[in-house]
Every structure is written in C-alpha cells, then in structure tokens.
Amino acid sequence: MSDIIGVGAEITECLRVARMIDRYGEQFVDRVFTNEEVRFCRDRKFPTRHFAAHWAAKQAVLRALGLSWGPGVNWRDMEIRSNGSGGWTVALRGAVRDHVEQIGATRILVAMAHCRTYAVGYATAVGARTNDD
C-alpha cells in the first residue's frame, strides 16, 4: 500500500512570471525550464500562462518533497511533462531525484491550471515511508 509522503501547492500571478521573463529574458527561461518545457510553452497560444503554470507546478513539487529552492536544488532537475491526455507527469534528475529516493517516494502526482491572471500547481508525493513519521 502507498502512503502520501507530502502534498504541495502553489499559486502565482501570470504577470509576475511575465515580468521575470521580460526582465531577465533567456537567462531566466534557461535557468528554470528544460528545453522540452520551453518548447511546450512557446508552442501554446498564451506562452506566459503556461510558463507560470509550470513554475507553480515545480514549486508544488518542491513543497511536496519537503525541499526548497537553494544550493543543490536545480529548477531543471524537475521537468513537467504532458502525458498527451490532458494530464501531467514529472521527471526528476540530480539532487531532487536523489532526495525522492531517500524519502521513499515512488510517484509524484502533478496537476496544474491557469487562467489569464493566475496559475496554480499541485503535487502529491506517494510511496513507502522510510521512517515512522
């Protein structure tokens, strides 16, 4: 049986993400998003809304895992992927993947949505707990 290891949520203003992209340009985009995420977002009618939703989902994943952005945690270690059916998956690399293995998470469920003004992301880490918390 699987346990819920952690749940995370994030809401962000699409305008905030648009301002970061305008201010920092490709430097921001390349630091936060993988090539596949950039391609996905830019192929949409309202790319900024999709960038904001991906940002929110990544923040939610960190919260679900009990992590925060900082030294050793790379934004690109998390990639939010479309499953082709309207849902999402997350691929992990590096320190984030190592942490997931350490805490015994076997899956991370991700959901995200956006409107003109806001984007939200939700994540649930599930798996077998490695301690008696």
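Cut-offs used in this document
Residues numbered from 1 in each chain as written. Predicted model: local features only at pLDDT ≥ 70, side-chain atom pairs only at ≥ 80, totals over all residues. Heavy atoms only, no water. Helix = DSSP H or I, 4+ residues; strand = E, 2+ residues; numbered from the N terminus. Expected span 1.5 Å × (residues − 1). Buried < 20%, exposed > 50% of the residue type's maximum accessible area, 1.4 Å probe, protein only. Salt bridge = Lys/Arg side-chain N within 4 Å of Asp/Glu carboxyl O. Phe/Tyr/Trp six-rings, centres within 6.5 Å; stacked < 30°, edge-to-face > 60°. Lys NZ or Arg CZ within 6 Å of the ring centre and 35° of its normal.

J.: A description of the environment of alanine 119 should follow, citing residues and the corresponding values.
T.: Counting through the fold element by element, alanine 119 comes out in strand S5 (residues 118-127). For the pair alanine 119 and glutamate 13, spaced 106 residues apart in the sequence, the C-alpha separation amounts to 6.3 Å.

J.: Just give me the short version of helix H4 (residues 47-64), but keep the residues and values in it.
T.: In this model, H4 (18 residues) spans 26 Å end to end at C-alpha, consistent with the 26 Å of a helix rising 1.5 Å per residue. Along H4, 15 of the 18 residues are buried, which leaves the element largely enclosed by surrounding structure. Looking one or two residues past H4, glycine 66 carries a phi angle of roughly 75 degrees, positive in sign.

J.: Please give an account of the pattern of salt bridges that cites residues and values.
T.: The full count for this structure, using the stated rule, is 7 salt bridges. A salt bridge links arginine 93 to glutamate 79; the shortest N-O distance between them is 3.7 Å. Taken as a pair, arginine 93 in the loop between strand S3 (88-92) and helix H5 (94-103) and glutamate 79 in strand S2 (residues 78-82) lie far apart in primary sequence, 14 residues in all. A salt bridge links glutamate 101 to arginine 97, with the shortest nitrogen-to-oxygen separation between them at 4.0 Å. With glutamate 101 and arginine 97 both in helix H5 and 4 residues apart, this pair spans about one turn of that helix. Glutamate 101 sits in the exposed class, given a relative accessible area of 55%. Through salt bridges with shared partners, a single network forms among Glu79, Arg81 and Arg93.

J.: With reference to specific residues and values, describe the packing of aromatic side chains.
T.: For the structure on display, the rule yields 5 aromatic pairs. Measuring from centroid to centroid gives 4.9 Å for phenylalanine 33 and phenylalanine 51, while their planes differ by 50 degrees, and the two rings are tilted. Of this pair, phenylalanine 33 sits in the loop between helix H2 (26-32) and helix H3 (35-42) while phenylalanine 51 sits in helix H4, and the two are 18 residues apart along the sequence. Since its relative accessible area comes to 4%, phenylalanine 51 is described here as buried. A cation over an aromatic ring shows up here: arginine 44 above the ring of phenylalanine 40, its NZ or CZ 3.7 Å from the ring centre. Above the plane of the ring of phenylalanine 46 lies arginine 49, whose end atom (NZ or CZ) is 3.8 Å from the centre.

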